[in-house]
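# Observations on the three-dimensional arrangement
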Protein chains: 2
Amino acid sequence: MTKYNFNAGPSILPQEVIRQTAEAVLDFNGEGLSILEISHRSKGFQAVLDEAVALMKELLNIPEGYSVLFLGGGASLQFCMVPYNLMEKKAAYLNTGVWAKKALKEAKGFGETVDFSSADANYSFIPKDYSVPQDADYFHITTNNTIYGTEISNAELEAIYQKCGNVPLVADMSSDILSRPIDVQKYALIYGGAQKNIAPAGATFVIVRNDVLGKVSRYIPTMLNYQTHIDGGSMFNTPPVLPIYTAMLNLRWLKENGGVAAAEKRNIAKAALLYKTIDESRIFTGTAQKADRSLMNVCFVMKPEYQHLQDDFMRFATERGMVGIKGHRSVGGFRASLYNAMTIEGVQALCDCMKEFETDVIKG
Amino acid sequence: MTKYNFNAGPSILPQEVIRQTAEAVLDFNGEGLSILEISHRSKGFQAVLDEAVALMKELLNIPEGYSVLFLGGGASLQFCMVPYNLMEKKAAYLNTGVWAKKALKEAKGFGETVDFSSADANYSFIPKDYSVPQDADYFHITTNNTIYGTEISNAELEAIYQKCGNVPLVADMSSDILSRPIDVQKYALIYGGAQKNIAPAGATFVIVRNDVLGKVSRYIPTMLNYQTHIDGGSMFNTPPVLPIYTAMLNLRWLKENGGVAAAEKRNIAKAALLYKTIDESRIFTGTAQKADRSLMNVCFVMKPEYQHLQDDFMRFATERGMVGIKGHRSVGGFRASLYNAMTIEGVQALCDCMKEFETDVIKG
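Residues numbered from 1 in each chain as written. Chains lettered and ligands numbered in written order. Predicted model: local features only at pLDDT ≥ 70, side-chain atom pairs only at ≥ 80, totals over all residues. Heavy atoms only, no water.

The next subject is the overall build of chain A. A tally of regular secondary structure across chain A gives 10 helices and 14 strands. For chain A, the C-alpha radius of gyration of 21 Å lies close to 21 Å, the compact-globule estimate for 364 residues. When its C-alpha atoms are laid out on the principal axes, chain A stretches across 65 × 55 × 30 Å. When the 364 residues of chain A are sorted by exposure, 62% land in the buried category. Accessible area of chain A: about 13,400 Å², with a carbon and sulfur share of 49%. The positive charge centre, built from 36 side chains, and the negative charge centre, built from 39, are 3 Å apart in chain A. (Helix = DSSP H or I, 4+ residues; strand = E, 2+ residues; numbered from the N terminus. Rg over C-alpha atoms; globule rule 2.2 N^0.38 Å. Buried < 20%, exposed > 50% of the residue type's maximum accessible area, 1.4 Å probe, protein only. Areas by Shrake-Rupley, 256 points an atom, 1.4 Å probe, with all protein chains shown as cover. Lys, Arg positive; Asp, Glu negative; His and termini not counted. Charge placed at Lys NZ, Arg CZ, Asp CG, Glu CD.)

The following block contains the structure:
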């Protein structure tokens, strides 16, 4: 049976990227060694890292003056690295979900924080009615909220650029990087776990404007200092070799498939198809406010009168090859993640499955 | 041509572990998904992590009261996590090489340090004539020095346990973990990059006695706090899934091959073979003092009168399938790393190659 992988992350990767990774595990570059056992200081791996960085710069149109890093530790480590490197006294956060809240929590350990939140509405929308304090060292946003299925739209991002004025903007883009074009020059720092649109688990990406660093007065441990990793070209210490290799393959795949603009078109079409199915359904309903719906993570629940059918639908969908559609416990219901590698056919299969179930229920 | 992988790390892994990893990249557990795209919260991966932890406990005979963690970030991140979590005022370090010195450097950011070093002798031996200050919060050692080819022998480890008295002992065992039995109960904390005897690059292991934590007064960022990862069972955030999977396979392999005691016997035999070749050679000579020679990394150079043949030997060896035998720039010459997965046949091939070259030189 065909499996459709809607996991929220680690998540679906293109089949050819998976195949190429398996080949390199057996024999990297025809050199007779596995990618698992080559030196990260070898010419072969240096070429992989260089290509991955170059592809990130090309695909995201990253201007001069920015560094692209691939590190270990996950976005959660970035939650403390950001204030460590950028926060002197005060930072502002847009608190739009569990991950944004965790990022905010780390900043509290370093100074004064201000935050704007939709926590009272179970993070079902992106707050818009606030001002960014102009004395903040930076303003931190989470562009897509995997758990709640909300995303800061392109229009709202423009509004945020205006709100920031001269305050440096920092973004956790773990779950929507490379899903749409972004205006990188508007950001001081962009980071994320790579295990959604870039790579398997184990790598973290950072895009940082070099001139925002070196301005805080505190002592920064070597590994937590972005400058260490810029100076070391992401190889101050042993990097996560295989995850970076797969990232490079996946970035190649994205380029061959039209780059980020083409990905955005596909992502809009995929999400539109699924949201239409939800909105036309008599038994399912979406959880996020429409203006802030995510293109990456589509969250939906059973309408109150059909709540008792939740487990039935999960079984029904699983029997038809749907994987990873259980919603996060803080929202409940279902979540289908539609990252770049998810095909429109996969989304159609889920929609068909939802409709078939609904017909059975209504008939029954 | 058969390749013999003497890389210092990332380094050789057993062929069956490589093959099994490649299979899981294509299809994990016959579930129809790649190990690269499964959820770390899936039952399948939880079983992998649980087995890896259980095997570490079994193979190293880890007593009750210790936690075993698999994290990201590398040993270099541990260099600051150790003082963050354990150092209130003062720490002592045995400075036996580049990595020990880097660990020491991070501690200096947190308080007073004392260290004992063989830096003046280019780290060619393990210092033995020192006392551990009894008011230190911990004493930190690096049990094997990859770059210099020195290792703290089992006998010297016993002497260190005596020197420590009640001072907690912390060890970076990146490059000799699982190569010999260790008396874990003598340690407060053991850590290391896993990319030598355990896994491919991207995972870090930590073995920590639970009761040494929670005693410092400083604020610890969430991700840098060992307690976070103990409470989260190494899954506070997304762990490096594939490196942990391969670690589990490799730990299984080690168990099937007699465990750590049997590995030590093989490692002693392999190192003895290569050191004998070096000691009997008219053109090669070892760099580390004999009492402190490493079983894992064998460093040797050309004798002064044969220095000019260095590049010739490198070419000669490369043509015969030897990989990764270039010495680190701070020692020069050659280094052959003989981790658990290196076979005695591989070492014999290197010895034969050295002898053949020597015969050619002497004849010529």
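Right, picking up where we left off after that structure.
Moving on, we get to the interface of chain A and chain B. Counting residues at the interface gives 54 residues for chain A and 54 residues for chain B. Both faces combined, the contact of chain A with chain B buries some 4,100 Å², and carbon together with sulfur accounts for 64% of it. Summed over the shared surface of chain A and chain B, the result is 0 salt bridges. On inspection of chain A and its partner chain B, the count reaches 19 residue pairs in polar contact (both at pLDDT 80 or more). The set of elements that each furnish at least two residues to the side of chain A that touches chain B consists of α1 (15-26), α3 (74-86), α4 (98-108) and α7 (241-256) of chain A. The dominant element in the side of chain A that touches chain B, judged by the number of residues it contributes, is α1 of chain A, at 7 residues. (Contact = heavy atoms within 4.5 Å. Buried area = accessible area lost by both parts, 1.4 Å probe. Salt bridge = Lys/Arg side-chain N within 4 Å of Asp/Glu carboxyl O. Polar contact = N/O pair within 3.5 Å; in protein donor to acceptor, adjacent residues only side chain to side chain.)

Moving on: the relation of the copies chain A and chain B. Between chain A and chain B, which share one sequence, the superposing operator has a rotation angle of 180° and an axial displacement of 0.0 Å; the RMSD is 0.0 Å. With respect to symmetry, the two chain copies, as superposed, fit the operation of a two-fold axis. Counting the interface residues of chain A, we find that 100% of their copies in chain B are interface residues as well, pointing to one common contact surface. (Least-squares fit on C-alpha atoms with pLDDT ≥ 70 in both.)

This part takes up the pattern of salt bridges. All told, the structure shown has 34 salt bridges over all chains when counted by the stated rule. One salt bridge in this structure joins Lys163 of chain A and Glu156 of chain A, with 3.8 Å as the shortest N-O distance. Taken as a pair, Lys163 of chain A and Glu156 of chain A share a single burial class, namely buried. Here Lys186 of chain B and Asp183 of chain B are joined by a salt bridge, their closest N and O atoms 2.9 Å apart.

Among the nonpolar cores identified, the biggest contains 138 residues, and Phe70, Phe139 and Ile207 of chain A together with Phe70, Phe139 and Ile207 of chain B are the most heavily contacted of them. For Ile207 of chain A, the residues in contact, after removing those within four places along its chain, are Met56, Leu60, Ile62, Tyr66, Ser67, Val68, Ile177, Val184, Ala188, Leu189 and Ile190 of chain A. Grouped together as the second largest cluster of nonpolar side chains are 64 residues, Tyr93 and Val216 of chain A together with Leu104 and Leu224 of chain B included. (Core = buried A, V, L, I, M, F, W, Y, C linked by side-chain atoms within 4.5 Å.)

All names here are of chain A. Taken in spatial order, the 3 strands make up an open sheet running β11-β12-β14, and their pairing is antiparallel. Edge strands, defined here as strands with exactly one partner in the open sheet, are β11 (284-286) and β14 (334-337). When the angles between neighbouring strand axes are averaged without regard to direction, this sheet yields 35°. Strands in contact with helix α8 (residues 259-279) are β11, β12 (297-302) and β14; relative to β12, the strand with the most contacts, it is inclined by about 15°. Along the sheet face, helix α9 (residues 310-319) touches β11, β12 and β14 and points at about 30° away from the line of β14. (Pairing = 2+ DSSP bridges. Axes fitted to C-alpha atoms, helices over the stretch in contact; angles between N-to-C directions.)

Here we take up the confidence of the model for chain A. Mean pLDDT over chain A: 97, with 100% of residues reaching 70 or higher. Scored as a whole, the predicted complex attains pTM 0.98, and scored at its interfaces, ipTM 0.97. (pLDDT = per-residue confidence, 0-100.)

As a further point, take the sheet that holds strand β5 (residues 139-142) of chain A. Residues and elements named next belong to chain A. Here 7 strands make up an open sheet; going across it, the order is β2-β10-β9-β8-β5-β3-β4 and the pairing mixed. Unpaired on one side and paired on the other, β2 (66-71) and β4 (112-117) mark the two borders of the sheet. Across the sheet, the mean angle separating the axes of adjacent strands is 15° when strand polarity is ignored. Relative to strand β10 (residues 204-209), strand β9 (residues 189-193) runs antiparallel, the two being bridged by 5 bridges. Across the sheet, Gly192 pairs through a bridge with Phe205, a residue of β10. On top of the sheet, α3 reaches β2, β3 (90-95), β8 (169-172), β9 and β10; it is set at about 155° to β9, its chief contact. In this fold helix α5 (residues 154-164) packs onto β3, β5 and β8, with an angle of close to 170° to the strand it touches most, β5.

The next thing to look at is helix α4 (residues 98-108) of chain B. Residues and elements named next belong to chain B. Taken together, the buried positions of α4 are occupied by Ala100, Ala103, Leu104, Glu106 and Ala107. Projection of α4 onto a plane perpendicular to its axis shows the buried side chains occupying an angular sector of 160°, all on one side. In this structure, the buried side of α4 is in contact with α3 (74-86), β3 (90-95), β4 (112-117), β5 (139-142) and β9 (189-193). (Arc of directions from axis to C-beta.)

Now for empty space enclosed by the protein. Summary: where empty space remains is shown by rolling a probe the size of a single water molecule over the atoms. Evaluated as defined, the whole model comprises 5 cavities of 30 Å³ or more. Empty space within the largest cavity amounts to approximately 180 Å³. Taken together, 19 residues form the lining of the largest cavity, with Leu71, Gly72, Met223 and Asn237 of chain A together with Gly73 of chain B sitting closest to its centre. Elements represented by at least two residues in the lining of the largest cavity include exactly β2 and α3 of chain A together with α3 of chain B. Per-class residue counts for the lining of the largest cavity are 9 nonpolar, 10 polar and no charged. (1 Å grid on protein atoms, 1.4 Å probe; cavity = no way out; pocket = protein on both sides within 12 Å on 5 of 7 lines; lining within 4 Å. Points joined across faces, edges and corners; volume = space filled by probe spheres on them. Nonpolar A, V, L, I, M, F, W, Y, C, P; charged D, E, K, R; others polar.)

The next subject is the packing of aromatic side chains. Enumeration according to the criterion identifies 34 aromatic pairs over all chains in this entry. Seen in terms of ring centroids, Phe116 of chain A and Tyr130 of chain A are 4.7 Å apart; in terms of plane orientation they differ by 15°. Their pairing is stacked. Within this pair, whereas Phe116 of chain A is found in strand β4, its partner Tyr130 of chain A is found in the loop between β4 and β5, the two being separated by 14 residues in sequence. What makes Tyr130 of chain A buried here is its relative accessible area of 9%. Just above the ring of Tyr130 of chain B sits the side chain of Lys163 of chain B; from NZ or CZ to the centre is 4.5 Å. Directly above the ring of Phe316 of chain B sits Arg320 of chain B, whose terminal nitrogen or CZ lies 3.5 Å from the centroid. (Phe/Tyr/Trp six-rings, centres within 6.5 Å; stacked < 30°, edge-to-face > 60°. Lys NZ or Arg CZ within 6 Å of the ring centre and 35° of its normal.)

Along the chain, Glu264 of chain A turns up in helix α8. The side chain of Glu264 of chain A sits in the buried core without any salt bridge; Arg180 of chain A is the nearest counter-charge, 5.8 Å away.

Turning next to the environment of Tyr226 of chain B. All names here are of chain B. Mapped onto the fold, Tyr226 is located in helix α6 (residues 226-231). Between the C-alpha atom of Tyr226 and that of Phe205, which follows or precedes it by 21 residues, the distance is 12 Å. Sequence-distant contacts of Tyr226, that is, excluding residues within four places in its chain, are made with Leu69, Gln78, Met81, Val82, Asn85, Leu189, Val206 and Leu213. Side-chain polar atoms of Tyr226 contact the side chain of Gln78, separated by 2.6 Å.

Residue and element names in this part refer to chain A. Listed in full, the buried residues belonging to α9 are Phe313, Phe316 and Ala317. Taken around the axis of α9, the buried residues stretch over an arc of 95°, which confines them to a single face. Across from the buried face of α9, at angles greater than 90 degrees, the exposed residues are Asp311 and Glu319. Here the buried face of α9 lies against β11, β12, β13 (322-323), β14 and α10 (344-363). Residue Gly321 follows α9 closely and has a positive phi angle near 95°.

Residues and elements named next belong to chain B. Most of strand β10 (residues 204-209) is tucked away, with 5 of its 6 residues classed as buried. In this structure, strand β2 (residues 66-71) lies alongside β10, joined through 6 bridges in antiparallel fashion. Looking across to β10, one finds that Leu69 is bridged to Val206.

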